[in-house]
Every structure is written in structure tokens, then in C-alpha cells.
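# Breakdown of the fold
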Amino acid sequence: MVQQRTPDRAGPGFAATAAHAVADASDRGARIVVVVIALAWHLAIGLPALLGSWSRLAAPSVVAAGWLVTAAIGGAAGVRLLRGGLPPARPLAVALLVVDGTVFAAAGERQLFTAANWVWGGLAWFFLLVLWWRPLAWLLALLGAHATTALAAVVLHGATVPADLSRYAMYVYGTSSLPVAVFAGAAAIAALARDRAGTAATALAVAAERDAAERARRERQGRLALVSGTAEEVLAALAAGEADPADPAVRRRAVLAAARLRRLIAESDDVPDPLLHELRAAADLAERNGLPIELVAVGALPELPVEVRRRLADPPTAALAGARGWARLTVVAGPDEVVVSLVTPDHEGPDATGPPGGDGDGSVEHLHERNGEIRWTQTRWRRT
């Protein structure tokens with residue numbers, strides 16, 4: 001017997017999915033922050049400084065062209081990041097380094113350490129955009145290349161006095177430390193969020209597995225109680241000698257108890273169509289007792305709760321226990337309705353149609369008729 005499995009969301013796959021979802025949410029927040037900082041800095045600080053010092057730059061058009069190229073790279077990289085992708089790191093990094101050297105050369109000696117030379121403070125944020133989720137060593141290498149380019153500009157412009165070199169060191173440290181902290185911190189926070197979410201989801205999965213096991217235990221106990229109630233009277237009467245095994249009525253009661261036992265066992269099997277599986281179990285038992293039976297199924301069965309399946313299957317199962325000659329069992333299913341019908345030849349003897357239908361997920365109706373030639377038993381479920 002195959003026990004019903006717990007839902008996938010109680011398993012390790014769900015824990016991994018939840019952990020990745022939390023990490024992705026954290027990473028998306030960091031991406032938004034970096035894109036906003038880079039583009040806001042470029043527009044709110046770099047552009048006004050460039051326009052305000054236009055006449056004092058050695059080659060203002062070149063500096064402006066570098067600003068536009070960087071803005072285009074940042075816009076393209078930002079769109080990719082916000083859509084969940086990653087920009088092509090190597091070509092964009094090379095392009096930014098070319099802009100870096102060009103702007104340092106075009107700014108001129110007088111604007112070397114001013115805001116007009118916008119690559120000092122703004123370019124490092126664009127390094128983050130193009131290198132997002134790449135190794136930290138890549139960012140450090142790019143910042144090292146940026147510092148080397150700046151040092152070459154300082155030396156070539158003759159700004160080698162101690163004050164200028166101190167200013168250079170301060171600029172390099174000040175413009176590199178914050179981007180590195182943001183880059184490393186975002187990766188660390190995403191990893192930490194993933195680990196904590198994975199731990200929480202795993203604990204939830206364990207609790208769900210425990211609850212499912214307890215629920216399965218209660219269901220097994222319920223089925224055992226039903227089986228005991230079904231067979232107890234027959235077995236007690238046989239044991240006490242109050243019932244004759246050769247009596248057709250006693251045999252019919254025994255067959256009915258066996259059919260219900262077989263169907264209740266089939267309830268716990270994990271199969272694509274549980275109702276058909278349960279009805280086939282009853283039909284197989286009838287065939288073993290020598291009753292020719294035809295089972296016809298039309299349509300796709302919807303997912304039904306156990307109680308609804310039980311109310312649909314009990315009356316025809318009970319009727320099969322008393323059937324003679326032949327039987328035709330039909331199941332017609334749709335998205336909102338399931339009809340189970342049993343037709344057998346009529347014969348002398350009481351009806352045995354099982355307990356009446358009731359409410360489950362919708363309503364289950366039970367009809368039984370006989371006209372001297374056939375007996376007709378039908379159960380019908382409709383979604384409400």
C-alpha cells in the first residue's frame with residue numbers, strides 16, 4: 001500500500017526555493033540602490049560640475065563625450081540589472097577604463113582635483129553596475145586600474161608635491177572605499193538572507209512533515225475504525241455460531257464487509273484517479289466472486305476529498321455485494337460533476353446500497369430504483 005505523500009512545499013525543494021526567493025528580493029533591493037546612486041551622482045553632481053567649469057577644462061567637449069558614454073553604459077547596465085539580468089562585464093569595464101584615462105587627460109592640470117573631473121567620484125559607482133555579482137577581486141582590480149590611471153595623470157600634470165600626492169591618496173581612498181563596502185555588503189546580505197530563509201524554510205518543512213505524519217496516523221485510525229465497524233457484526237455472529245456461513249444473507253454481508261474493506265484500503269493509495277481506483281478494487285472483488293462486471297469511465301475526474309469519494313463509492317460497492325448475474329458500473333465525470341451508476345439484474349432479496357449520501361465538497365445525491373428486471377443505483381456529486 002502506497003501512502004499519500006505530503007505536498008512538495010513541505011519538502012527540501014520548497015526550502016531551497018524559499019531561500020532563493022528571499023535572497024533574490026534582497027539582491028533586487030541592492031541593485032535598485034546601486035543604480036539610483038550611480039545615475040543620481042552622475043546627473044546631480046557630475047553634470048552641474050562639468051557645465052559650471054566648461055570654460056576652464058582643457059578639452060571640455062572630450063570630457064562631455066566621456067560623460068555621455070558613461071551615462072549610456074550606466075543606463076544600459078541599470079536596465080539589465082533591474083530586469084534581473086547581468087550586463088556584459090568585460091567590454092563595459094574596458095570602455096569605462098578608456099573613458100577614465102580620456103577624461104583625466106582632457107580635464108587639464110587646473111581641473112585635475114576639482115568636481116569638473118567627474119571620474120574621480122562618479123566612475124567607481126559605474127564599476128559596480130557592470131561588475132554586479134562578479135567576484136570582488138574584479139572590482140578591486142578595476143579600482144586599482146582607476147587609481148593607476150589617476151596617478152599617471154597626477155605625475156604627467158606635474159602635481160607631485162606632497163600636498164598633491166596626499167590629495168591623490170585621499171581621493172583614491174574616499175572614492176573607492178564606499179563602493180567596495182556596498183558591493184561586498186550587498187553580496188554578504190544576500191548570502192545571509194538566503195541562509196536564514198533556508199533555515200526557516202527547512203524548519204517549516206520539518207513541521208509540515210510532522211503534521212502530515214500525524215494526520216496520516218489519524219486517517220489510518222479512522223479507516224481502521226470504519227473497517228472494524230463494517231466487519232465486526234459479521235465476525236461476531238460467525239464466532240458465536242449465530243450465523244450460518246451457508247446462508248445467502250450471511251454470505252452477502254461478508255462480501256459487503258470485504259468490499260468495503262478493500263475500498264477503504266484503496267483510499268490511501270497514491271494514484272492519479274483515486275475514485276476509479278477504489279471502484280476498481282470493489283469490481284475486482286466482485287469478479288473474484290464470479291460476477292461478470294463491466295467498468296466504463298467517461299471524462300476526467302476532478303480532485304475529490306476522501307469523504308466525497310467515500311459517499312460516491314459506498315452505495316455502488318454495497319450493491320455489488322448483493323449483485324447476481326452481471327453488473328455494469330459507469331463513471332461519468334466533468335469539472336463540476338461526477339456520476340457513478342451501477343446496473344444489475346433484479347432478484348429476490350433486500351437492497352444493499354450502503355449508507356446514504358451527504359455533504360462534502362459540494363453535495364452527493366443517492367438514488368436507488370428497481371423494477372423487477374434491473375436494479376439501478378446512482379450517486380451524483382455536484383460542485384456548489
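Residues numbered from 1 in each chain as written. Predicted model: local features only at pLDDT ≥ 70, side-chain atom pairs only at ≥ 80, totals over all residues. Heavy atoms only, no water.

### Here's the deal with the overall build of the protein chain
Filter applied, for reference: Starting at the N terminus, helices and strands are each numbered in turn, a helix being any DSSP run of H or I of at least four residues and a strand any DSSP run of E of at least two. Each residue's exposure class comes from its accessible area (1.4 Å probe, protein chains only) as a fraction of the maximum for that residue type: buried when under 20%, exposed when over 50%, partly exposed otherwise. We call two residues contacting when some pair of their heavy atoms lies within 4.5 Å. Computed with a 1.4 Å probe, the accessible areas rest on the Shrake-Rupley method; for each residue, only the protein chains presented here act as cover.
Per the secondary structure count, the protein chain includes 9 helices and 6 strands. Looking at the protein chain as a whole, 41% of its 384 residues are labelled buried. Sequence separation of 24 or more characterises 73% of the internal contacts of the protein chain that already satisfy a separation of 6 or more. Within the structure as shown, the protein chain displays about 19500 Å² of accessible surface, and the carbon and sulfur contribution to it stands at 62%.

### Concerning the packing of helix H4 (residues 119–130) against helix H5 (residues 136–156)
Heads up, the rule is: Helix axes are fitted to C-alpha atoms over the stretch in contact, other axes to C-alpha atoms as well, and angles between N-to-C directions run from 0 to 180 degrees. Any angle that is under 35 degrees is reported as roughly parallel, and any over 145 degrees as roughly antiparallel; angles of 65 to 115 degrees are reported as roughly perpendicular and all others as oblique. By definition, any crossing whose near helix is turned counterclockwise from its far helix by less than a right angle is left-handed, and any crossing with a clockwise turn is right-handed. We call Asp, Glu, Lys and Arg charged. Ala, Val, Leu, Ile, Met, Phe, Trp, Tyr, Cys and Pro are nonpolar, and the rest, Gly among them, are polar.
At a minimum axis distance of 10 Å, the contact between H4 and H5 shows a crossing angle of 160°. In terms of their interaxial angle, H4 and H5 are classed as roughly antiparallel. Crossing geometry of H4 relative to H5 is assigned as right-handed. Residue-level contacts link Val119, Trp120, Leu123, Ala124, Phe127 and Leu128 of H4 to Leu139, Leu142, Leu143, His146 and Ala150 of H5. Tallied by class, residues from the contact of H4 with H5 come to 10 nonpolar, 1 polar and no charged.

### Looking at the environment of Ala300
When you line up the elements, Ala300 lands in the loop between strand E1 (293–298) and helix H9 (306–321). Measuring from C-alpha to C-alpha, the distance between Ala300 and Pro335 comes to 7.5 Å, with 35 residues separating the pair along the chain.

### A short note on the nonpolar core
For soluble globular proteins, the rule of thumb is that nonpolar side chains tend to be buried together. Definition in use: Here, nonpolar core refers to any group of buried Ala, Val, Leu, Ile, Met, Phe, Trp, Tyr and Cys residues whose side-chain atoms link them within 4.5 Å.
Of all hydrophobic cores here, the largest spans 50 residues; its most connected members are Trp118, Leu129, Leu139 and Tyr168. For this core, the element with the most residues is H4, which contributes 10 residues. Membership of the second largest hydrophobic core comes to 25 residues, among which are Leu279, Ala319, Val331 and Val338.

### With respect to H9
Our working definition: Given a helix with a known number of residues, its expected span is that number minus one, times 1.5 Å. Given a residue, its bend is the angle between the two axes fitted to the seven residues that end at it and to the seven that start from it.
The end-to-end C-alpha distance of H9, which contains 16 residues, comes to 22 Å, matching closely the 22 Å that a straight helix rising 1.5 Å per residue would cover. The sharpest bend along H9 measures roughly 30° and falls at Ala313, with the proline Pro315 sitting one to four residues further on. Of all 16 residues in H9, 13 are buried; the element is thus mostly enclosed.

### Comments concerning the pairing of strand E3 (residues 337–345)
Residues in a regular strand project their side chains so that they alternate between the two faces of the sheet. Short version of the rule: In this analysis, strands are considered paired if DSSP registers two or more bridges between them.
Counting buried residues along E3, 7 of its 9 residues qualify, which places the element largely inside the surrounding structure. The antiparallel pairing of strand E2 (residues 327–333) with E3 creates a hairpin that spans 3 residues between the two strands. Across 9 bridges, E3 lies against strand E6 (residues 374–382) in antiparallel orientation. Each residue of the ladder has a partner; that of Leu342, found in E6, is Thr377.

### As for the side chain of Asp100
Where we set the bar: Counted as positive: Lys and Arg. Counted as negative: Asp and Glu, with His and the chain ends omitted from the count. Here a salt bridge means any side-chain nitrogen of Lys or Arg lying within 4 Å of a carboxyl oxygen belonging to Asp or Glu.
The topology assignment puts Asp100 in helix H3 (residues 89–107). Buried and without a salt bridge, Asp100 has Arg167 as its closest oppositely charged side chain, separated by 17 Å. Non-local contacts of Asp100, meaning those with residues more than four positions away in its chain, are made with Val119, Leu123, His146 and Thr149.

### Concerning the confidence of the model for the protein chain
Here is the rule: For every residue, the predictor states its confidence as a pLDDT score lying anywhere from 0 to 100.
Scored by pLDDT, the protein chain has a mean of 81; 79% of the residues are at 70 or more. Low pLDDT, under 50, characterises residues 1–12; the stretch is placed with 23 contacts to residues that sit more than four places away or in other chains. Taken as a whole, residues 355–361 scores under 50 in pLDDT and shows 19 contacts with residues more than four places along the chain or in a different chain.

### Quick notes on H5
Because an α-helix packs 3.6 residues into every turn, residues spaced three or four apart end up facing the same way. Quick reminder of the rule: Regarding the arc, it is the one traced by the directions from the helix axis to the C-beta atoms.
The end-to-end C-alpha distance of H5 is 30 Å, a good match for the 30 Å that 21 residues give at a rise of 1.5 Å each. Along H5, the residues classified as buried are Leu139, Leu142, Leu143, His146, Ala147, Ala150, Ala153 and Val154. Mapping the buried residues of H5 onto a view down its axis gives an arc of 140°, with all of them on the same face. Exposed positions of H5 whose direction lies more than 90 degrees from the buried face are Ala137, Ala141, Thr148 and Leu156.

### Structural notes on the packing of aromatic side chains
Just so we agree on the cut-off: Only rings of Phe, Tyr and Trp enter the pairing, Trp through its six-membered ring, and a pair is recorded when the two centres are within 6.5 Å. The plane angle decides the type: under 30 degrees is stacked, over 60 is edge-to-face, the rest tilted.
Throughout the structure, instances matching the rule amount to 6 aromatic pairs. Centroid distance Trp120 to Tyr171: 4.9 Å. Interplanar angle 75°. Geometry classified as edge-to-face. One end of the pair, Trp120, is in helix H4; the other, Tyr171, is in helix H6 (residues 162–239), with 51 residues separating them in the sequence. For Tyr171, a relative accessible area of 23% corresponds to the partly exposed category. Ring plane angle 85° and centroid distance 6.0 Å describe the contact between Trp132 and Phe183, whose orientation is recorded as edge-to-face. With a gap of 51 residues between them, Trp132 in the loop between H4 and H5 and Phe183 in helix H6 connect regions that are remote in the sequence. Each residue in the set Phe104, Phe113, Trp120, Tyr168 and Tyr171 is aromatic and connected to the rest through ring pairs, giving one cluster.

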